[in-house]
Amino acid sequence: MAPVQSFESITLIPAIPGKIKRYDRIEFYSQGDYAVYEIPKGPIDCSEELALVSGWEPLTHPEGALFFYHSYKRVFTDADIRASGMVENIGKAIEKAYKEVENAGIDLHPSVELVLELVEGDREEWGYYFADHDSHVIFWFEDHRSGDLIGNVRGVKCADHIRYALESQYWLHIELYPNKRSLPKNVVVRLREVVMYTQADNITSDTSLAPFSSEEVANMLSLMDPLMNSAGVEHEYAHEHSVWIVARFMAEFCNAKFVNFCGQPGARLNADQSLYGDLNTCSDNILLRVMNIVLFGSPNAHHKALQKIWVDSTIVQPRWKNFINRLNSEWNGYTIFSTVMLAVDISFLAVPSVQSQTAAILVSYMSALCTMGSLVVSLVLAGQVNDSRRDSAKSVASFMEGMSGSVLGLQSLALMLSLPYALLIWGMTFFAAALSIVIFNTSGVVTISIVSPIWVAIFILATWPVLASNDVHISDLLPWITKQIKSHPIQSWIATRSRVESDV
């Protein structure tokens, strides 16, 4: 009688597909061992390398990753089965997983799959989860609280809500292991319906909850007909590429439903809607109000835009891309304006009549410094924010979460993004002041009398947008003036006038 293998030393930890460390495992090949591979004569035979290892079949993901599948036990793993002792260790883990399922009283459908993820550096500890193809969810043999599954979503109370997160992870499981599968036609039909609805929502609404832009969804639609041709055809040829495409799209759409509380009371119905209220407490800070005025209202404008991008600690990816593209265009313009302004300041200082005006020289220096600051900040922001933060939703979310955790929250990012514009405006303002000093100190009465009204008119027109951006309007001042007049009786004015006349 064969001895019974003990699996008491094996530890199984609940895991999710999103934490499979496939992309973190990088194997480096030594350059010193370079040698030209000798190809044997005749048609090359790979049967030995692709042969089953104790029932484990090596499979290649469409992206190129190697993983193993045991068809009899329906188990997938990224662990290298061919390593010494690995078959025995994973066998113990499989045995323990199914034994725990039996002890938990869970009836497994024959199509349920088990995934085992080897914890790095410890063959006795494995991450695991089961994937149910009937209900399209993942599950475990024990109760489990997963912060990685929930993410930044707070207030999850219902099973029909968390189900969307479990379904999203199920499709991520299919994305990780798309081989040896057929593509059900009903799944492709469902995906096509979702994609068509998403495109219609993008076209007709500015606050669409779609996780993709209209251009991206249009590209998805172009794949639907080829996917329909691959659906429902079994065992004719490999469908892992089509399965991978459908799984990736479905994972994104299911995750969007989970984040937006689909089917729950108070579900998010537009991208601007916060489900947790306005948690920003920095808006009443007197320093921020002063900085908003000093920076010509630009921080407030950027902060409003950022609030529409970072909603409930979740990034609205299409808006972020549009926001970054707009900033990139603006920064390119600021660098041109700053270069021109810097040349104007240097040329202005070279004028002979200016060299005797100390005040004009000082203000012109300030203009040159502000202009140079705008140029430098524009280049720095273009290099740091534009390139490194727009690559993926994950990197953007990490960046925004870090900025939100600062003392001023998103206001700090808004202030930073306002600097190129504000410094350029201050550079122009100081140059206007230097030019005015020269004009009023070197010109006659006739010139000053003509220039002064024009200077005042330009000042008022230039100040108007700044006041309007801070909700200061002339129309709002009229009721205040009227109220002040009405609050003083006519008799008091008459009495005051009488006293003045009597004194005279």
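Residues numbered from 1 in each chain as written. Predicted model: local features only at pLDDT ≥ 70, side-chain atom pairs only at ≥ 80, totals over all residues. Heavy atoms only, no water.

With that out of the way, let us pick up the packing of aromatic side chains. Counted according to the given criterion, the structure contains 16 aromatic pairs. Where Y128 meets F141, the ring centres are 4.5 Å apart and the plane angle is 10°; that geometry is what we call stacked. With Y128 in strand β6 (residues 125-132) and F141 in the loop between β7 (137-139) and α2 (147-150), the pair connects residues that are 13 residues apart, well separated along the chain. Residue Y128 shares its accessibility class with F141, and that shared class is buried. An aromatic cluster is built from Y98, Y128, F130, F139 and F141, whose rings are joined through pairwise contacts. Residue placement shows R154 over the ring face of Y276; its charged tip is 4.0 Å from the ring centre. (Phe/Tyr/Trp six-rings, centres within 6.5 Å; stacked < 30°, edge-to-face > 60°. Helix = DSSP H or I, 4+ residues; strand = E, 2+ residues; numbered from the N terminus. Buried < 20%, exposed > 50% of the residue type's maximum accessible area, 1.4 Å probe, protein only. Lys NZ or Arg CZ within 6 Å of the ring centre and 35° of its normal.)

This part covers the pairing of strand β2 (residues 56-60). Looking at chain direction, β2 and strand β3 (residues 66-70) are connected through five bridges and run antiparallel. By the bridge assignment, L59 is partnered in β3 with F67. Once β2 ends, the chain turns through five residues before running back antiparallel as β3, passing G64 with a positive phi of about 115°. (Pairing = 2+ DSSP bridges.)

The topology assignment puts S274 in the loop between α6 (240-259) and α7 (286-294). Assessed through its relative accessible area of 31%, S274 is described here as partly exposed. Put simply, S274 and W310 are 36 residues apart on the chain and 9.9 Å apart in space, counted from C-alpha to C-alpha. When near neighbours in sequence (up to four residues on either side) are disregarded, S274 contacts V311 and D312. Within the structure, S274 has its side chain in polar contact with the backbone nitrogen of Y276 (distance 3.4 Å). (Contact = heavy atoms within 4.5 Å. Polar contact = N/O pair within 3.5 Å; in protein donor to acceptor, adjacent residues only side chain to side chain.)

This part takes up the pattern of salt bridges. Evaluation of the coordinates by the stated rule reveals 14 salt bridges. Residues K19 and D148 are paired through a salt bridge, measuring 4.0 Å at the closest nitrogen-oxygen approach. Pair noted here: K19 is in the loop between β1 (11-14) and β2 and D148 is in helix α2, with a separation of 129 residues, a long-range link. For K19, a relative accessible area of 43% translates into the label partly exposed. Among the salt bridges present, the one from D80 reaches R82, with a minimum N-O distance of 3.4 Å. One network of salt bridges, with partners in common, ties together E63, E175 and R248. (Salt bridge = Lys/Arg side-chain N within 4 Å of Asp/Glu carboxyl O.)

This part is about unusual backbone geometry. We note that H136 has phi near 60°; this positive angle belongs to a residue other than glycine. Mapped onto the elements of the fold, H136 is located in the loop between β6 and β7. Residue classification places H136 among the buried positions, given a relative accessible area of 17%. Although it is not a glycine, F296 sits at a positive phi angle of roughly 60°. Tracing the chain through its elements places F296 in the loop between α7 and α8 (298-309).

What follows deals with the nonpolar core. In a soluble, globular protein the nonpolar side chains are often hidden away together inside. Among the nonpolar cores identified, the biggest contains 69 residues, and L12, L116, W126, F130, W171 and L191 are the most heavily contacted of them. Among the elements that line this core, the one with the most residues is α6, at 10 residues. Those residues in contact with L191 that lie beyond four places of it in its chain are M224, L227, V246, F249, M250 and F253. (Core = buried A, V, L, I, M, F, W, Y, C linked by side-chain atoms within 4.5 Å.)

Moving on to the packing of helix α4 (residues 185-204) against helix α5 (residues 214-230). Axis separation between α4 and α5 bottoms out at 9 Å; the angle between their running directions is 155°. One finds that α4 runs roughly antiparallel with respect to α5. Crossing of α4 over α5 shows left-handed handedness. Between α4 and α5, the residues in contact are K185, V188, V189, L191, R192, V195, M196, T198, Q199 and N202 and S214, V217, A218, M220, L221, M224, L227 and M228, respectively. Broken down by class, the residue content of the contact of α4 with α5 amounts to 12 nonpolar, four polar and two charged. (Axes fitted to C-alpha atoms, helices over the stretch in contact; angles between N-to-C directions. Parallel < 35°, antiparallel > 145°, perpendicular 65-115°, else oblique. Left-handed = near helix turned anticlockwise from the far one by under 90°. Nonpolar A, V, L, I, M, F, W, Y, C, P; charged D, E, K, R; others polar.)

Let us now look at the packing of helix α3 (residues 159-176) against α6. Look at α3 against α6: their axes get within 8 Å of each other, and the N-to-C directions meet at 160°. What the angle tells us is that α3 and α6 run roughly antiparallel. For the pair α3 and α6, the crossing hand works out as left-handed. Every residue of α6 that contacts α3 at H161, I162, Y164, A165, E167, S168, W171, L172, I174 and E175 is listed here: V243, W244, A247, R248, M250, A251, C254, N255, K257 and F258. Class assignment of the residues belonging to the contact of α3 with α6 gives a composition of 13 nonpolar, three polar and four charged.

Moving on to the state of the cysteines. Using the criterion set out here, one finds zero disulfides in the structure. With no disulfide of its own, C262 lies 9.7 Å from the sulfur of C254, the closest cysteine sulfur. Assessed through its relative accessible area of 28%, C262 is described here as partly exposed. (Disulfide = S-S within 2.5 Å.)

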